[in-house]
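Residue strings, one per chain:
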Amino acid sequence: MNNIKRITALVMAMLMSILMFSGLTNVKAAQTAHVSISSASANVGDEVTITITASSDVKIELCDLKINYDSSILQYVSGFDTGGGGTGRLISPSATSFEIVFKAINPGTATISVDKSTSYTSSADEDYMSLTTSSGTVTVKAPASYSSDNTLKSLQISPGTLSPAFSPDRTTYNATVDSDVTELVVSAVANDSAAKVSISGRRMDPGSNTTTITVTAEDGSVKKYIIYTTRLEDGQEATTEAESKTEEVTETPTQTVNDDGTVTIDGKKYSVIQDYSGITIPDGYQEIDYEYNGQKINAIKGLKTGLILMYLESEDGKGGFYIYDETAKTFSPYNTVAEPEITYVVLPITNSLEKPAGYALTKFTMNGKEVQVLMDADRQYCLFYGVSSLGEKGWFRYRVSDGTIQAYSVVKTTDADTVVKADNSKTFGSNRFWLTIVMILGVIIVAFIVVTIILAAKLSKVKKVFNMASKDGVDLDEYTEKEIEEYDEDGEDDEDAGFDEDDSLYKSYGDDKSGKNDVEELKLFDIDDEDK
């Protein structure tokens, strides 16, 4: 009996250890709410309904959300308090799902998002809950009668001359201007009067400049014309067209981490900002605690991209998000390009990347920011290295004329295979937790089997003792372990041995055979008392 108690205590201790382990792996995290926005499509003139839903593991008591949308494509109809200029506000003390009605007024793709800097949700247990959000889109199609002509009829610049000469079907050009030119004057006329023309990048800085002329047809289709202009330095002579096509750049900027926690990038000092209360966090990212330069700081991590972002601010007060490379311990500007449903983060091009032949490393302006790309000789396409909002990482091909993006495959070398192996090892590491759980369950099962066997043996011995008592009498204390082990099992077949009707002990406990059971119950009671 003492052995059984010890085994039971051991099993209970194992179960308590497992429960403690489970508790440690399920530490309560800060309460988080996720706001999702549905997507839809419509024709110009139609009304479209978008659903905005807030969800959480705990009950949400209050929603206060600021909504941004493209007012040039969508016109607000009902569903929230409109703020005008493409914004609205949802406030509800009970509802967590809202329907917003818009009218499609122009073709194109409109993004609907939550401004997390001015939005929050709350629960009964916690006043404010952290937010994660996902955007929605409304794709508006034009009537068949709308024109799809998105070409230019004429394109001229001043000063300077386009090279080659303008042609409606050619979308990339080169030009050179003198060192005293600070702005490029661009004259662009659409071939269709219903098309719209917009121009960006007219400012001329020393070196390479990119001017983009975007033509949007009546049906919403877009074509971009690009002018690559080189502004000469003082005393510099104009180069040939072939030389001006590509500006060689260094792959990795010069960076230094200073003793005061600041970082110097290409000679400019930046501070790492930790308070994101007034900063809009990109969609698909959330705040995390991160160890940087030996200290715990607030950083941003992509839920699918896995990228670490930090907000850097220069001494003149200007700032922005930068991607932190955990391996190289360097920063690069956070820049994205997008298609209707996928966003791409442009990453730096490093020496370790396998680069395709026929492309030159250069700087190129995407989404208003200068990034490193590989440009082809005709400047029709460029390749950038990045990661998509779906978590796909690699090379992507960007069409200069219309901004469309496609995945691009590069033949893998031994180095690339090494990267694949490293990724596999990460996958194995992520499964270690489940392997540990399986091992613990295995130990529990084995312990249960062992305990079952021991208990079966003990019950067999107890049964043997009672059989001996039934055969020889009821004085159970007289038996030794040796006698019990040597007991002839054949005696078990005669369960009434030693108890006949003339037996004085039998007579003392009853007038029928039920008295035998009284003796057995009595002696079992005596065994327990003796064990105690």
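Above this text you will find the structure in question.
The model shown is predicted, which means the values in this text are computed figures rather than measured ones. (Residues numbered from 1 in each chain as written. Predicted model: local features only at pLDDT ≥ 70, side-chain atom pairs only at ≥ 80, totals over all residues. Heavy atoms only, no water.)

## Here's the deal with the overall build of the chain
Link 1 in the chain: Along its length, the chain carries seven helices and 33 strands.
Link 2 in the chain: Residue burial in the chain is summarised as follows: out of 532 residues, 35% are buried.
Link 3 in the chain: When the accessible surface of the chain is split by element, carbon and sulfur atoms take 50% of a total near 30400 Å². (Helix = DSSP H or I, 4+ residues; strand = E, 2+ residues; numbered from the N terminus. Buried < 20%, exposed > 50% of the residue type's maximum accessible area, 1.4 Å probe, protein only. Areas by Shrake-Rupley, 256 points an atom, 1.4 Å probe, with all protein chains shown as cover.)

## Things to note about the side chain of N150
Link 1 in the chain: Within the secondary structure, N150 is located in the loop between strand 12 (136–141) and strand 13 (152–158).
Link 2 in the chain: A residue is classified by how much of its surface remains accessible, and N150, at 11% relative accessible area, is buried.
Link 3 in the chain: The residues contacting N150, other than those within four sequence positions of it, are V215, A217, S221, V222, K223 and Y225. (Contact = heavy atoms within 4.5 Å.)

## Re the pairing of strand 12
Link 1 in the chain: Pairing between strand 2 (residues 40–43) and strand 12: four bridges, direction parallel. Looking at strand 12, one finds that S41 is bridged to T139.
Link 2 in the chain: Both strand 9 (residues 108–114) and strand 12 contribute to a ladder of five bridges, which runs antiparallel. If you follow A110 over to strand 12, its bridge partner there is V138. (Pairing = 2+ DSSP bridges.)

## What about the packing of aromatic side chains?
Link 1 in the chain: With the rule as written, the count across this model stands at 22 aromatic pairs.
Link 2 in the chain: Judged by centre distance (6.3 Å) and plane angle (45°), the rings of Y69 and F80 are tilted. You can see Y69 sitting in the loop between strand 4 (60–68) and strand 5 (74–78) and its partner F80 sitting in the loop between strand 5 and strand 6 (81–82), a full 11 residues away along the chain.
Link 3 in the chain: Judged by relative accessible area, F80 falls into the buried class, the value being 6%.
Link 4 in the chain: Each residue in the set Y69, Y76, F80 and F102 is aromatic and connected to the rest through ring pairs, giving one cluster.
Link 5 in the chain: Across the ring face of Y381, the terminal group of R397 is positioned such that the distance to the ring centre comes to 4.1 Å. (Phe/Tyr/Trp six-rings, centres within 6.5 Å; stacked < 30°, edge-to-face > 60°. Lys NZ or Arg CZ within 6 Å of the ring centre and 35° of its normal.)

## A few points about empty space enclosed by the protein
Link 1 in the chain: Counted by the stated rule, this structure contains two cavities of 30 Å³ or more.
Link 2 in the chain: Put simply, the second largest cavity is a space of about 30 Å³.
Link 3 in the chain: Every residue along the wall of the second largest cavity is listed here: S208, N209, T210, K363, F364, T365 and E370.
Link 4 in the chain: Counting residues per element, the ones that place at least two in the lining of the second largest cavity are strand 17 (207–216) and strand 29 (359–366).
Link 5 in the chain: Considered class by class, the residues forming the lining of the second largest cavity number one nonpolar, four polar and two charged. (1 Å grid on protein atoms, 1.4 Å probe; cavity = no way out; pocket = protein on both sides within 12 Å on 5 of 7 lines; lining within 4 Å. Points joined across faces, edges and corners; volume = space filled by probe spheres on them. Nonpolar A, V, L, I, M, F, W, Y, C, P; charged D, E, K, R; others polar.)

## Observations concerning the nonpolar core
Link 1 in the chain: In terms of nonpolar packing, the biggest core is built from 29 residues, with I52, L65, L74, L90, F102 and I112 touching the most fellow members.
Link 2 in the chain: Those elements that provide at least two residues to this core are strand 1 (32–37), strand 3 (47–55), strand 4, strand 8 (97–104), strand 9 and strand 12.
Link 3 in the chain: Apart from residues lying up to four places away in sequence, L90 is in contact with I52, C63, D64, L65, I67, G79, F80, F98 and I100.
Link 4 in the chain: In terms of nonpolar packing, the next biggest core, distinct from the first, is built from 21 residues, I300, L309, L361 and L374 among them. (Core = buried A, V, L, I, M, F, W, Y, C linked by side-chain atoms within 4.5 Å.)

## Observations concerning the sheet that holds strand 17
Link 1 in the chain: As summarised here, the arrangement of the four strands in space is 14-18-17-16, forming an open sheet in which the pairing is mixed. Strands at the two margins of the open sheet, each flanked by one partner only, are strand 14 (172–177) and strand 16 (196–200). Across the sheet, the mean angle from the axis of one strand to that of its neighbour is 20°, orientation sign disregarded.
Link 2 in the chain: Where strand 14 lies against strand 18 (residues 222–231), six bridges are found, and the strand directions are parallel. When the sheet's bridge partners are listed, T172 is paired in strand 18 with I226. (Axes fitted to C-alpha atoms, helices over the stretch in contact; angles between N-to-C directions.)

## Quick look at the environment of A33
Link 1 in the chain: Among the structural elements, A33 can be located in strand 1.
Link 2 in the chain: Relative accessible area serves as the criterion here: at 1%, A33 is assigned to the buried category.

## A few points about a negative patch on the surface
Link 1 in the chain: On the surface, a cluster of negative charge is made up of D178, D180, E233 and D234.
Link 2 in the chain: For D234, the location among the structural elements is in the loop between strand 18 and helix 2 (241–244).
Link 3 in the chain: Judged by relative accessible area, which is 70%, D234 ranks as exposed. (Patch = residues over 30% accessible without salt bridge, like charges linked within 9 Å, V, L, I, M, F, W, Y side chains within 5 Å. Salt bridge = Lys/Arg side-chain N within 4 Å of Asp/Glu carboxyl O. Lys, Arg positive; Asp, Glu negative; His and termini not counted. Charge placed at Lys NZ, Arg CZ, Asp CG, Glu CD.)

## Observations regarding the sheet that holds strand 1
Link 1 in the chain: Taken together, the five strands give an open sheet; going across it, the order is 5-8-3-1-11, and neighbouring strands pair in mixed fashion. With partners counted over all chains shown, the strands left at the sheet margins are strand 5 and strand 11 (130–134), one partner each. Between one strand and the next, the sheet's axes are offset by a mean angle of 25°, whatever the strand orientation.
Link 2 in the chain: Sheet topology note: the strand 1/strand 3 ladder contains four bridges and is antiparallel. Within the sheet, the bridge partner assigned to H34 lies in strand 3 and is S55.

## Side note on the pattern of salt bridges
Link 1 in the chain: Applying the stated criterion across every chain, the model contains three salt bridges.
Link 2 in the chain: The shortest N-O distance in the salt bridge between R89 and D64 comes to 2.9 Å. Of this pair, R89 sits in strand 7 (residues 87–92) while D64 is found in strand 4, placing the two residues 25 residues apart along the sequence.

These results come straight from atomic positions and should not be treated as a statement about function.
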